[in-house]
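Tertiary structure, described
Now for the letters of each chain:
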Amino acid sequence: MALTVGIFNELIIETDYPSLADFEKSQKVLCGDPEMVKQIMRVNEVASPGKGWSELLEHAEPVG
């Protein structure tokens, strides 16, 4: 058995930008894109509010 634990209902996106100004510029572009706004709204419709913690034992295949 393998212990499967961790926070669920959380999305982490990691990106690199040369500067904070470049990051801010990209955010303005994304938020101004009607298709991106549409996709964000779709995710919001099906997402459960908040996040939780999961502790679950599940069968693990032997390593090696």
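Nothing here was measured: the structure is a model prediction, and the numbers come from that model.

A separate point is a nonpolar patch on the surface. A contiguous nonpolar surface patch, about 290 Å² in accessible area, is contributed by Tyr17, Leu20 and Phe23. Within the secondary structure, phenylalanine 23 is located in helix 1 (residues 20-31). You can call phenylalanine 23 partly exposed: its relative accessible area is 33%.

Of the voids in this model, the largest pocket is the one considered here, and its volume is about 180 Å³. Considering the residues around the largest pocket, the lining is formed by Ile13, Thr15, Tyr17, Phe23, Gln27, Leu30, Cys31, Met36 and Ile40. Looking at the lining of the largest pocket, the elements with two or more residues in it are helix 1 and helix 2 (34-46). The element best represented in the lining of the largest pocket is helix 1, accounting for four residues.

Conventions used here
Here, residues in each chain are numbered from 1, in the same order as that chain's written sequence. A pLDDT threshold of at least 70 governs which residues receive local features in this predicted model, and a stricter bar of 80 or more applies before side-chain atom pairs are shown or counted, although totals over entire chains, interfaces and linings include all residues. The side-chain quantities take in all heavy atoms of the structure and omit both hydrogens and water. Residues qualify for a patch when their relative accessible area is over 30% and they have no salt bridge, like charges being joined within 9 Å and the nonpolar side chains of Val, Leu, Ile, Met, Phe, Trp and Tyr within 5 Å. Under the convention used here, a 1.4 Å probe and the Shrake-Rupley method define accessible areas, while residue burial counts only the protein chains that appear. Salt bridges are identified by distance alone: a Lys or Arg side-chain nitrogen within 4 Å of an Asp or Glu carboxyl oxygen. We count a stretch as a helix when DSSP gives it H or I for four or more residues in a row; a strand needs E for two or more, and each element gets its number in order from the N terminus. For every residue, the accessible area obtained with a 1.4 Å probe (protein chains only) is divided by the maximum for its type, and the residue is called buried under 20%, exposed over 50%, and partly exposed between those limits. Cavity means a closed set of points on a 1 Å grid over the protein atoms alone, one where a 1.4 Å probe fits but cannot get out, pocket means an open set with protein on both sides within 12 Å along at least 5 of 7 lines, and lining means a residue has an atom within 4 Å of a point. Grid points are joined across faces, edges and corners, and a volume is the space filled by probe spheres set on the points.

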